[in-house]
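# Secondary and tertiary structure notes
Letter by letter, the chains look like this.
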Amino acid sequence: MKRYTVETMQEGTKWFYYILDGETLDIALLPSKYLKHKTKSNLSPNTIRRYAFSLCCYLEYIAEKELDFLHVCKSGFEEQSSHFTQFLYWLKEGRHTEKKKIGDADNGTCNAYLKDVFGFYLFLSEIDYAPSLRVLSYSQITVTNGVGVRRTLRSKAFRGYMKAEERNVRAATEEEILQTLQACTNSRDQLLLLLLAETGFRIGEILGVNYSRDIDYDNHTLGVYFREDNENRARAKNAEFRKAKISDDTFDFLLHYLAEYRNLLQYQNYLFINIVGDTAGKPLKVDSVYSMLDRAAEKTGTLLTPHMLRRYFAVTRWNAEWPLELISQALGHKHLDTTIQYLGIIDDKLLEASREFYAKHSINYGIDRML
């Protein structure tokens with residue numbers, strides 16, 4: 001049984017995370033103070049939740065090693081490097097959770113947890129609790145090129161990060177979407193899948209939709225609005241606003257859903273709600289969506305995720321020859337490079353475009369005279 005747990009408390013419209021020591025029943029003061037600082041900095045609740053679980057894991061680790069934060073901060077460079085590298089391997093072995101199998105944690109997740117821990121140590125130095133970590137300092141050298149231009153090269157001292165595997169989240173297929181729709185047991189889950197596939201919205205954005213304000217019933221569009229006070233802690237990323245149009249068939253199904261659950265929906269404004277149990281009528285949360293998808297996967301043999309549906313949206317629009325900039329705007333990406341990587345097919349398109357160009361435009365470099 002794990003010693004530390006992540007807990008929450010609500011003050012007004014804000015949710016605060018803190019870490020509880022199960023042995024002493026005391027709050028882990030410094031990590032909880034850091035999480036409160038992040039909440040007041042207006043970070044996404046989901047991001048702060050991840051910080052909380054990262055720190056919870058790290059507290060388990062240093063408890064095993066019988067260390068404390070000050071000891072780590074005051075140790076030498078080599079000792080710090082070894083400490084944090086061993087923490088990465090501790091995570092990789094699955095020691096941080098009772099749910100995962102040994103070796104099931106991917107390198108990217110392990111690195112993300114360590115970066116969260118480093119953020120906490122930076123906070124400790126900023127509040128003058130402890131000296132800065134030596135492994136977070138920068139090494140710097142100045143070099144001169146052949147024409148006398150001097151250049152300064154800087155790099156972080158810590159080099160122990162694991163090599164991150166390439167993220168391989170594929171797009172859902174139309175057949176998989178149809179199978180999962182058929183496996184759903186209610187119209188709420190079916191509507192959720194349809195809207196994810198047709199809008200390209202993130203799951204947190206969909207769960208934050210207010211059916212009384214965010215839906216244009218004349219033009220069949222859904223809007224994403226940034227709000228800090230959603231009861232289910234759903235939040236649009238990047239504090240942005242954008243709209244998406246849905247098909248007429250899906251809009252008709254949306255009206256059917258609103259009519260079917262009007263007795264529950266009339267007491268609040270969230271589009272997606274719990275429809276059974278003690279929490280019926282309360283806004284649907286992300287964890288409940290993933291549980292629903294797990295149940296559907298037991299029937300279909302294929303696990304569909306919200307991210308796969310988001311990629312389905314992107315790939316189908318790309319294949320329909322939407323401009324890249326339009327897809328990027330629809331997805332809510334801040335940078336076009338993100339969309340290019342997201343699609344994962346741009347290289348094939350570039351190769352095909354180059355082949356067609358050379359087929360139509362013969363360029364004479366006089367290569368035959370050089371052979």
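What comes next concerns the included structure. By convention here, each chain's residues receive numbers from 1 onward along its written sequence. Reporting of local features is limited, given that this is a predicted model, to residues whose pLDDT is at least 70; pairs of side-chain atoms are given and counted only at 80 or more, and all residues count toward the totals for whole chains, interfaces and linings. Water and hydrogen atoms play no part in the side-chain values, which are based on all heavy atoms of the structure.

## Overview of the packing of aromatic side chains
Any aromatic ring pair is given by two values, namely how distant the centres are and how the planes are angled relative to each other. We call Phe, Tyr and Trp rings a pair once their centres come within 6.5 Å, taking the six-membered ring for Trp, and we label the pair stacked below 30 degrees between planes, edge-to-face above 60, and tilted otherwise. Counted according to the given criterion, the structure contains 22 aromatic pairs. With a centroid separation of 5.7 Å and an interplanar angle of 70°, the aromatic rings of Tyr 34 and Phe 120 are classed as edge-to-face. Pair noted here: Tyr 34 is in helix α1 (residues 29-40) and Phe 120 is in helix α5 (residues 107-126), with a separation of 86 residues, a long-range link. Two conditions define a charge located above a ring, namely a distance within 6 Å from the ring centre to NZ of Lys or CZ of Arg, and an angle within 35 degrees of the ring normal. The ring centre of Tyr 161 lies 5.5 Å from the NZ or CZ of Lys 115, which sits over that ring. Geometry around Trp 322 places Arg 317 over its ring, the cationic atom sitting 5.7 Å from the centre. What counts as a helix is a DSSP run of H or I of at least four residues, what counts as a strand is a run of E of at least two, and both are numbered from the N terminus.

## Notes on the packing of helix α4 (residues 77-92) against α5
For helices, the fitted line uses only the C-alpha atoms of the stretch in contact; every axis is such a line through C-alpha atoms, and the angle between N-to-C directions lies from 0 to 180 degrees. The geometry of α4 relative to α5 is characterised by a closest axis approach of 9 Å and an angle of 135° between their N-to-C directions. Comparing their axes, α5 and α4 come out oblique. As for how α4 packs across α5, the hand of that crossing is right-handed. The segment α4 lies against α5, with Phe 84, Phe 87, Leu 88, Leu 91 and Lys 92 engaging Asn 107, Cys 110, Asn 111, Tyr 113, Leu 114, Val 117, Phe 118 and Tyr 121. As a working rule, the residues Ala, Val, Leu, Ile, Met, Phe, Trp, Tyr, Cys and Pro are called nonpolar, Asp, Glu, Lys and Arg charged, and the rest polar, with Gly in that last group. When the residues that make up the contact of α4 with α5 are grouped by side-chain class, the tally is 10 nonpolar, 2 polar and 1 charged. What sets the label is the angle itself: under 35 degrees gives roughly parallel, over 145 gives roughly antiparallel, 65 to 115 gives roughly perpendicular, and the rest give oblique. By definition, any crossing whose near helix is turned counterclockwise from its far helix by less than a right angle is left-handed, and any crossing with a clockwise turn is right-handed. Should any heavy atoms of two residues lie within 4.5 Å, those residues are considered in contact.

## Notes on helix α6 (residues 174-183)
With a 1.4 Å probe rolled over the protein chains alone, any residue whose accessible area is under 20% of its type maximum counts as buried; one over 50% counts as exposed, and the rest are partly exposed. If you check which residues of α6 are buried, you get Glu 176, Ile 177, Thr 180, Leu 181 and Ala 183. Considered in projection along α6, the buried side chains sweep an arc of 160° and stay on one side of the axis. Exposed side of α6, more than 90 degrees from the buried face: Glu 174, Glu 175 and Gln 182 are the residues found there. Arc definition: directions from the helix axis to the C-beta atoms.

Scope: geometric values only; no functional claims are made or implied.
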